[in-house]
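Residue strings, one per chain:
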Amino acid sequence: MPRPAVYGRAYELKPMTDTRYFEIPAELSGLRLDQVVARLLPEYSRGRLQAWIEAGQITVGGRTVAVRHKVYRGDQLCVQVTPMPQEADHAPEAIALTVVFEDEHLLVINKPAGLVVHPGAGNWTGTLMNALLHHGPDAVNLPRAGIVHRLDKDTTGLLVVAKTLIAHTALVRDLQARQVKRIYQAVAVGRFAAASGTVEGAMGRHPTQRTRMAMVASGKPATTHWRVLRQFAAATHIECRLETGRTHQIRVHMNHLGHPLLGDPVYGGRRVVTPFPRQALHAWRLGLNHPVSGVAMQWEADLPDDMQRLLQDLADAG
């Protein structure tokens, strides 16, 4: 059988398959297998590569070896690339998406209220993930079909999705490094005493109500910066800038201040200023550096019609 054509460090069978072949270069000689494949395949997460090694999908000289096995110059690697099984099990669905930006690596959408981002208990179909698998069939090869952050079901606004593994790895890294700018607009119950402020404190699962999040000492750090946009008689239009992205972060932090979001069915309690069918929260502005070109990019999404009507109703009420 003829040797496949060599391109730099890696050579691949043609036509392109899900099998990739590498020859260890001198500069990586003597390193552990998991360290080497992380450098040769930076578009994949370390966890995913280690799982492939443990499953025998990455071999050295045709042999299955351990994660910590050392490889040397000239060793031949074979990598069997497979889709994430949880994505492969989900069906593509022709769900309309409002696309704000799209190129080879990124997709930015304006999510409507009512759209669940990822399948889960009670919502196995009709989700953003199902829509992404239909929008781009290659999404089956990405963790969570390219989803790198979430919005709650009834929160609207901007959400970025990776379309390639390179973009996915870079976006996850930038989110963890707090380099992705996310600014929300919300309507909170009551009038704020100050024009701006910051809420800091560890957040985690509520100790007794497992569907809720709470400020708990054992949780993860969470920081939200807020400022008042407009005060009404019994509510306030605010802007919130996230440093971290914990589940329900803005909703929990505003409730902690004594100003739950108007319409919030979980944290709003009985403080009803005016009827609103969901938490009044919108991901308004999103900014990031393109994961491949490095160019700074930013998008804005106007408030949805229901929040615009809400603000007008509050203004009319005085």
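The sections below set out a description of the structure shown in this document. (Residues numbered from 1 in each chain as written. Predicted model: local features only at pLDDT ≥ 70, side-chain atom pairs only at ≥ 80, totals over all residues. Heavy atoms only, no water.)

A few words on the overall build of the chain. In terms of regular secondary structure, the chain is built from seven helices and 17 strands. In terms of overall dimensions, the chain has a C-alpha envelope of 80 × 40 × 40 Å along the principal axes. Relative to its 318 residues, the chain shows a buried fraction of 47%. In the chain, 61% of the contacts between residues at least 6 apart in sequence involve partners at least 24 apart. In the chain, the 36 positive side-chain charges and the 28 negative ones have mean positions that sit 7 Å from each other. (Helix = DSSP H or I, 4+ residues; strand = E, 2+ residues; numbered from the N terminus. Buried < 20%, exposed > 50% of the residue type's maximum accessible area, 1.4 Å probe, protein only. Contact = heavy atoms within 4.5 Å. Lys, Arg positive; Asp, Glu negative; His and termini not counted. Charge placed at Lys NZ, Arg CZ, Asp CG, Glu CD.)

The next thing to look at is unusual backbone geometry. Located in the positive-phi region is R144, a residue other than glycine, with phi close to 50°. Counting through the fold element by element, R144 comes out in the loop between α4 (128-135) and β9 (156-162). Even without being glycine, A145 reaches a positive phi, approximately 60°. Among the secondary structure elements, A145 is positioned in the loop between α4 and β9. Taking relative accessible area as the criterion, A145 reaches 1% and is therefore assigned buried.

The next subject is the packing of aromatic side chains. Within the structure shown, the criterion is met by two aromatic pairs. Considering the side-chain rings of F101 and W299, the 5.4 Å spacing of their centres and the 45° angle between planes classify their relative orientation as tilted. With F101 in strand β7 (residues 99-102) and W299 in strand β17 (residues 296-300), this pair connects stretches of sequence that are 198 residues apart. With respect to class, F101 is no different from W299; both count as buried. Aromatic pair F192 and W226: ring centres 4.8 Å apart, planes at 50°, arrangement tilted. Residue F192 is located in the loop between β10 (181-189) and β11 (196-200), and its partner W226 is located in strand β14 (residues 223-231); the two are separated by 34 residues in the primary sequence. Taken individually, F192 and W226 each receive the classification buried, so the pair is uniform in this respect. (Phe/Tyr/Trp six-rings, centres within 6.5 Å; stacked < 30°, edge-to-face > 60°.)

What follows is about the pattern of salt bridges. Overall, the coordinates contain nine salt bridges when judged by the stated rule. The salt bridge partner of R251 is D264, with a shortest N-O separation of 2.8 Å. One end of the pair, R251, is in helix α6 (residues 249-256); the other, D264, is in the loop between α6 and β16 (281-289), with 13 residues separating them in the sequence. Among the residues examined, R251 registers a relative accessible area of 4% and is labelled buried. Residue classification places D264 among the buried positions, given a relative accessible area of 5%. (Salt bridge = Lys/Arg side-chain N within 4 Å of Asp/Glu carboxyl O.)

Moving on, we come to the environment of R241. Looking at the element boundaries, R241 is found in strand β15 (residues 235-242). Distance from R241 to N123, taken between C-alpha atoms, is 29 Å for residues 118 residues apart in sequence. The contacts of R241, once residues within four sequence positions are left out, are R182, I183, T223, T224 and H225.

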